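Observations on chain architecture
Each chain, written out:
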Amino acid sequence: MSEDAGTAEPHGLDRGLTNYGDRDFARYLRRSFARSMGISRTLLDKPVVGIAMTPSGFNNCHRSMPELVEAVSRGVLAAGALPRPFPTVSLGEVFLNPTSMMYRNLMAMDTEEMIQAQPMDAVVLIGGCDKTVPAQLMGAASAGLPAIQVVTGPMSTGRHRGQRLGACTDCRGFWAKYRAGTVDAEEIAEVEGRLSVTAGTCAVMGTASTMACIAEALGMSLPGTAAIPAVHSDRLVAAEETGRAAVRLIQTKITPAEVITRESVENAIRVLMAVSGSTNAIVHLTAIAGRLGIRIPSERFNEISDETPVLVDLKPVGEGYMEDFHAAGGMGALLRELRPLLHLGTVDVEGRTLTERLDEPPGWVDRSVIRAFHNPVSPVGGLVALSGNLAPDGAIFKRAAATPELFESEGRAVVFTGLEDLSRRIDDPDLDVAPGDVLVLQNAGPHAAGMPEAGYLPIPKKLARAGVKDMVRISDARMSGTAFGSIVLHIAPEAAIGGPLGAVRDGDRIRLSIRDKRIDLQVDEAEIARRLADHEPPPAPKRGYKALYRRTVTQAPDGCDFDFLIGEGEPR
Ligand code: FES
């Protein structure tokens, strides 16, 4: 029997029986159908570990999923429980239109509902590509069942004419050279086949890798697993061990709410700063924390940024790739360097405190990749939150990936009113644009466009060909974690809901000050208000998920989660 003496909670396949008004019939029927899968009665009586799996013919980053599911299942079986893989939505970053971001919340809802609706005692979440890990953690946080994350792991690098290549910082670097005319069509075609050469997620500290590090820093995945390359045998060992850990979770009953706390979220922000991680991770971490009612104000975010050095030297900001980070000592080595700044009493999915983890003997560390605390890549964190009259509710700037000479700058606005306008005019030889100008993209925020990674506006071709490598660019969009430049993102409120970004006109002056953490339109407030008075929101989709999205998506400072999914907690 899977129920102890009629008093304990049902477990395994007896959880959440379908209600036909006859509980014994429901149990008999479920077990009868389960038998059709060829599972013995002995195994059907065991506790059940669900495995949220996300393979897809449209998700190259999850190509190794079948092997990972097999390895997790092996661990679950070896520890005495029944593994039950189940599919959810999968989001392959470059295959989704208008943007994968629009579907993160759909995947989070799918994950939450399937965890709750199906009979399982704990769940293993296998994700990897950018939006999948945050979606799984958001869903698991809301579902409330014991859960553990394992990631597919990063790609290994390829080679091109003696140079290592990894998606997708090198994709952008080569494309910029192609646009500037220094790489020809033949070479760019060669490069295309050498950027993404193995299974796994992007090879640099982009969004997927940042989220893998954050999942480990939160305590939601096993220690030392974030950076293991996708094709390394240790990745399968980690998956097997994750399966065993999921069975231990059934005993300890540790839920995501006990692991994801204000303190562990702050630890995760420290890690985000120290790895100089993706700007997208801020939106995702905000959404994950928000599910549990945890809010981190932008002032606290900036305090953490100003106190936390960048210690990891990886692309897109530095030199190395994720495979180097793993070989250099990975998250364990990084957390040891950050120890004086971390909340050490946080517990992970194994119930171990961070103190216990960091008290273990340290391994060898490659100091060219993971710097010592007193010898950082940069003395301050990679990301800062901005305010100002252009971003009353906030914006984000990745200072580690920007040009320091542009940190204090003022320029003339060159405005694109949307994505279509941008693609139509950016390379127009008659575009009135000069190197010191500020490129402005409006109407690319969550309501207007689902917040695509369009914030990395290309340098206009005529300037790129003249040797211009960077310009200040501002928008309500996001930017790929693998991109770089002096780019202000996530401006809130977005232009489409009447934010001041929509009031910018060609020729206005815009001032950026990283010292003061501000982005300002040098136009008087009365004129800004006059321009915004005519604002008309874009037409809303009438049906389906897109209509739900438009009605309920929040702005970036609330994680772009749906308003009805955010947990109760203190106000932002
Ligand atoms: Fe999947 Fe980059 S495209 S991680």
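Everything numeric here is computed off the predicted structure, so don't read it as measured data. Starting afresh in each chain, residues are numbered from 1 along the sequence in its written order. At least 70 in pLDDT is required for a residue's local features to be given in this predicted model, at least 80 for side-chain atom pairs to be given and counted, and no such filter applies to totals for whole chains, interfaces and linings, which use all residues. Water and hydrogen atoms play no part in the side-chain values, which are based on all heavy atoms of the structure.

On to the UniProt feature "domain: Dihydroxy-acid/6-phosphogluconate dehydratase N-terminal" (unreviewed entry) in the protein chain. UniProt positions are given in the numbering used here, feature names are shortened, and annotations may be inferred rather than shown by experiment. The UniProt entry lists residues 46-356 under the feature "domain: Dihydroxy-acid/6-phosphogluconate dehydratase N-terminal" (unreviewed entry), expressed in the numbering used here. Regarding residues 46-356, the helix share stands at 49% and the strand share at 9%, and the terminal C-alpha atoms are separated by 31 Å. Every helix listed is a DSSP run of H or I at least four residues long, and every strand listed is a run of E at least two residues long, numbered separately from the N terminus.

Turning our eyes to something else, we now look at the nonpolar core. Judged by nonpolar contacts, the single largest core of 109 residues is most densely connected at Phe325 and Leu334. Any two residues whose heavy atoms approach within 4.5 Å at even a single point are treated as in contact. The contacts of Leu334, once residues within four sequence positions are left out, are Val271, Ala274, Val275, Leu311, Val312, Phe325 and Ile370. The term nonpolar core refers to a set of buried residues drawn from Ala, Val, Leu, Ile, Met, Phe, Trp, Tyr and Cys, joined through side-chain atoms within 4.5 Å. Here's how the labels work: a residue is buried when its accessible area is under 20% of the maximum for its type, exposed when over 50%, partly exposed in between, all with a 1.4 Å probe on protein chains only. The next biggest cluster of nonpolar side chains, apart from the first, holds 27 residues, and it includes Phe407, Ile491, Ile510 and Leu512.

It is worth spelling out the sheet that holds strand 2 (residues 82-87) at this point. The sheet built from four strands is open, its strands ordered 2-1-3-4 with parallel pairing. The open sheet has two edge strands with one neighbour each: strand 2 and strand 4 (147-151). Sheet twist, expressed as the average angle between the axes of neighbouring strands with direction ignored, equals 20°. Bridge count for strand 1 (residues 48-53) against strand 3 (residues 122-127) is four bridges, and the pairing is parallel. When the sheet's bridge partners are listed, Gly50 is paired in strand 3 with Val123. With axes taken as lines fitted to C-alpha atoms, and helix axes fitted only over the stretch in contact, angles between N-to-C directions fall between 0 and 180 degrees. Helix 9 (residues 233-252) contacts strand 1, strand 3 and strand 4 of the sheet and is inclined by roughly 175° relative to strand 4. Strand pairing is assigned whenever DSSP detects at least two bridges linking the two strands.

Let us look at a nonpolar patch on the surface. Two distance rules govern patches: like charges are joined within 9 Å, and nonpolar side chains (Val, Leu, Ile, Met, Phe, Trp, Tyr) within 5 Å, applied only to residues with over 30% relative accessible area and no salt bridge. Per-residue and other accessible areas follow the Shrake-Rupley method at a 1.4 Å probe size, with only the shown protein chains counted as cover for residues. What counts as a salt bridge is simple: a side-chain nitrogen of Lys or Arg found within 4 Å of a carboxyl oxygen of Asp or Glu. On the surface, a nonpolar cluster with roughly 350 Å² of combined accessible area is contributed by Tyr20, Phe25 and Tyr28. Tracing the sequence through the fold places Phe25 in helix 1 (residues 23-35). Overall, Phe25 belongs to the partly exposed group, its relative accessible area being 34%.

With that settled, the discussion passes to the UniProt feature "domain: Dihydroxy-acid/6-phosphogluconate dehydratase C-terminal" (unreviewed entry) in the protein chain. UniProt annotation of "domain: Dihydroxy-acid/6-phosphogluconate dehydratase C-terminal" (unreviewed entry) refers to residues 369-560 when read in the numbering used here. In the segment residues 369-560, helix accounts for 18% and strand for 21%; the C-alpha atoms at its two ends are 33 Å apart.

Turning next to the state of the cysteines. Note that a disulfide, as used here, is simply two cysteine sulfur atoms within 2.5 Å. Scanning the entire structure with this criterion turns up one disulfide. What pairs with Cys168 in a disulfide is Cys171, and their sulfur atoms sit 2.3 Å apart. One quick way to see it: the torsion about the S-S bond of Cys168 and Cys171 is about -125°, and its sign makes the bridge left-handed.

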